[in-house]
Amino acid sequence: IIGEMMNLETIEIQKNNKVAEIKLNRPELLNAVNEQLVWDFQKATEDVENDNNIRVVIIKGSGRGFCAGADLSEKDSSWKGSKDALLRGYKPFFENIIEMPKPVIASMSGPAAGIGAAIAMSCDLRVMSDDSYILSVFSNIALVPDGGLSWYLPKFMGFAKAYEYAIEAKKISAKECLDYGIANKIVSKEDLESTTMEWAKMLSKRSSQSLNHTKKLMRESLNASYWDTFNSEAEIQNELTVSAQNREAVKAFLEKREPNFD
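Everything in this summary refers to the structure shown in the same document. (Residues numbered from 1 in each chain as written. Predicted model: local features only at pLDDT ≥ 70, side-chain atom pairs only at ≥ 80, totals over all residues. Heavy atoms only, no water.)

1. Topic: the overall build of the protein
Our working rule: Strands are runs of DSSP state E lasting at least 2 residues, helices are runs of H or I lasting at least 4, and numbering of each runs from the N terminus. For the radius of gyration, the atom set is restricted to C-alpha positions; the globular benchmark scales as 2.2 Å times the number of residues to the power 0.38. By the convention used here, residues are in contact when the closest approach between their heavy atoms is within 4.5 Å. Per-residue accessibility takes into account occlusion by the displayed protein chains alone, with areas from the Shrake-Rupley method and a 1.4 Å probe. The charge count includes Lys and Arg as positive and Asp and Glu as negative, but it does not include His or the ends of the chains. For this purpose, a charge sits on NZ of Lys, CZ of Arg, CG of Asp or CD of Glu.
Along the protein, the regular secondary structure elements total 10 helices and 10 strands. Relative to the 2.2 N^0.38 estimate, which gives 18 Å for 262 residues, the radius of gyration of the protein is 19 Å and therefore close to what a compact globule would have. Along the first, second and third principal axes, the C-alpha atoms of the protein reach 60 × 45 × 35 Å. Partitioning the contacts of the protein with sequence separation of at least 6, the portion at a separation of at least 24 is 68%. About 13700 Å² of surface is accessible on the protein, with carbon and sulfur atoms providing 53% of the total. Computed over 32 positive and 38 negative side-chain charges, the inter-centroid distance for the protein is 2 Å.

Written as structure tokens, this is what we have:
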């Protein structure tokens, strides 16, 4: 499918061949998250998760930034407190991103702050423009990091640095993100879109079962023991070594050609 679009009130979804782009679309507010965006994001992530034609997903922001965090100017919402917002509103779209088997790439320019930082960190891979940064902004308004940031940041930065950056609400620059292993690639702002799309297209041609099961194994390994992971690998490998994709890849290797996994 080329160029199929689905528009929600605050989000655009564009599908090209096997790649879906989810664009947060409130550029006038640096894509700050209001309640409508939460419901739209649930729908958008569910849509691409369930679309079997889609192999790779990109999440990006429209305009100058990725996402400036929660929309503090929102007056009316249905949330009965922050816990309700996080569990009923935010958690389902984080689950969709983390649990969908296909890889999700955050394409980041400008700020990824607050819940925007959590959205970026929940993706599997990150391409950042050189002006981009991650910011756990919560301590500026006397709050704690949420959306899983208190889990992600220490995993990448170690406890002491993560705690320092969180309590001082300091920007983690693109360069620092690359050094800490948060960013996979840094490019100029002009090249951000094309670099991300090229990478997504390249990944979409690789074995989907390999990408999908590797994501699952590595995600689960963060909370599992070595032998639990070893045993899970053995179970999955047992299935994959008798699969059509494995047969095609081995045949292509022997015939010195690119495999075709369509």
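2. Remarks on a nonpolar patch on the surface
Cut-off, in case you're wondering: By definition, no residue in a patch forms a salt bridge, and every one has over 30% relative accessible area; like charges are joined within 9 Å, nonpolar side chains (Val, Leu, Ile, Met, Phe, Trp, Tyr) within 5 Å. Salt bridge, as used here, is a side-chain nitrogen of Lys or Arg placed within 4 Å of a carboxyl oxygen of Asp or Glu.
Side chains of Leu72, Ile141 and Leu143 sit close together on the surface and give an oily, nonpolar patch of about 320 Å² of accessible area. Looking at where leucine 72 falls in the secondary structure, it is placed in the loop between strand S4 (56–61) and helix H2 (82–99).

3. Focus: unusual backbone geometry
In the Ramachandran plot, asparagine 17 falls in the positive-phi region, its phi being about 55 degrees despite a non-glycine side chain. Position of asparagine 17 relative to the elements: it lies in the loop between strand S2 (11–16) and strand S3 (19–24).

4. Here's the deal with the sheet that holds strand S8 (residues 133–135)
Strand pairing within a sheet occurs via backbone hydrogen bonds; the two strands may be parallel or antiparallel. Threshold: Between any two strands, at least two bridges found by DSSP are needed for them to pair. Note on definitions: angles span 0 to 180 degrees between N-to-C directions of axes, and those axes are lines fitted to C-alpha atoms, for helices only across the stretch in contact.
Spatial ordering of the open sheet is given by S6-S8-S9, a layout of 3 strands whose pairing is mixed. Single-partner strands in this sheet number two, and they are strand S6 (111–113) and strand S9 (171–173). Across the sheet, the axes of successive neighbouring strands diverge by a mean angle of 20 degrees, strand direction being ignored. Both S6 and S8 contribute to a ladder of 3 bridges, which runs parallel. From the neighbouring strand, alanine 112 faces S8, where its bridge partner is isoleucine 134. Packing of helix H3 (residues 115–122) onto the sheet brings it into contact with S6 and S8, and relative to S6 it is tilted by some 100 degrees.

5. A word on the pattern of salt bridges
Applicable threshold: Here the term buried applies to any residue with accessible area under 20% of the maximum for its type, exposed to any over 50%, and partly exposed to those in between, with areas from a 1.4 Å probe on protein chains only.
Across all of its chains, the model carries 19 salt bridges by this definition. Of the charged contacts, one joins aspartate 71 and arginine 26 as a salt bridge, the two residues approaching to 3.1 Å between their closest N and O atoms. With a gap of 45 residues between them, aspartate 71 in the loop between S4 and H2 and arginine 26 in the loop between S3 and helix H1 (35–50) connect regions that are remote in the sequence. By relative accessible area, arginine 26 is classed as buried at 11%.

6. Thoughts on the environment of isoleucine 22
Examined against the element boundaries, isoleucine 22 turns out to sit in strand S3. A relative accessible area of 0% means that isoleucine 22 is categorised as buried. Here the alpha-carbon distance between isoleucine 22 and serine 107, two residues 85 residues apart in the chain, equals 10 Å. Not counting residues up to four positions away in its chain, the partners in contact with isoleucine 22 are Ile11, Glu12, Phe41, Ala44, Thr45, Val48, Val57, Ile58, Ile59 and Lys60.

7. Concerning the pairing of S3
Rules: With strands facing away from the observer, any crossover in which the path from the first strand over the helix to the second runs clockwise is taken as right-handed.
Counting buried positions along S3 yields 5 of 6 residues, so the element is predominantly enclosed. In this sheet, S3 lies alongside S2 in antiparallel orientation, the contact comprising 6 bridges. Bridge pairing in S3 links lysine 15 to alanine 20. Strand direction decides the pairing type here: S3 and S4, joined by 6 bridges, are parallel. Looking at the pairing, glutamate 21 lines up with isoleucine 58 of S4. Viewed along the sheet, the connection from S3 through H1 into S4 turns out right-handed.

8. Overview of the packing of aromatic side chains
Here is the rule: Ring pairs shown here join Phe, Tyr and Trp side chains whose ring centres sit within 6.5 Å, with only the six-membered ring taken for Trp; geometry is labelled stacked below 30 degrees between planes, edge-to-face above 60, and tilted in between. Two conditions define a charge sitting above a ring: the NZ of Lys or the CZ of Arg must be within 6 Å of the ring centre, and it must be within 35 degrees of the ring normal.
Taken as a whole and judged by the stated rule, the model has 9 aromatic pairs. When the ring of tryptophan 151 is compared with that of tyrosine 152, the centres are 5.2 Å apart and the planes differ by 80 degrees; the resulting orientation is edge-to-face. Accessibility expressed as a relative area gives 33% for tryptophan 151, which makes it partly exposed. Ring-pair connections join several aromatic residues into one group, and the members of that group are Phe41, Tyr90, Phe93 and Phe94. One Lys or Arg, lysine 170, reaches over the ring of tyrosine 165 and ends 4.8 Å from the middle of that ring. In this structure, lysine 171 packs its charged tip against the face of tyrosine 133, placed 4.4 Å from the ring centre.

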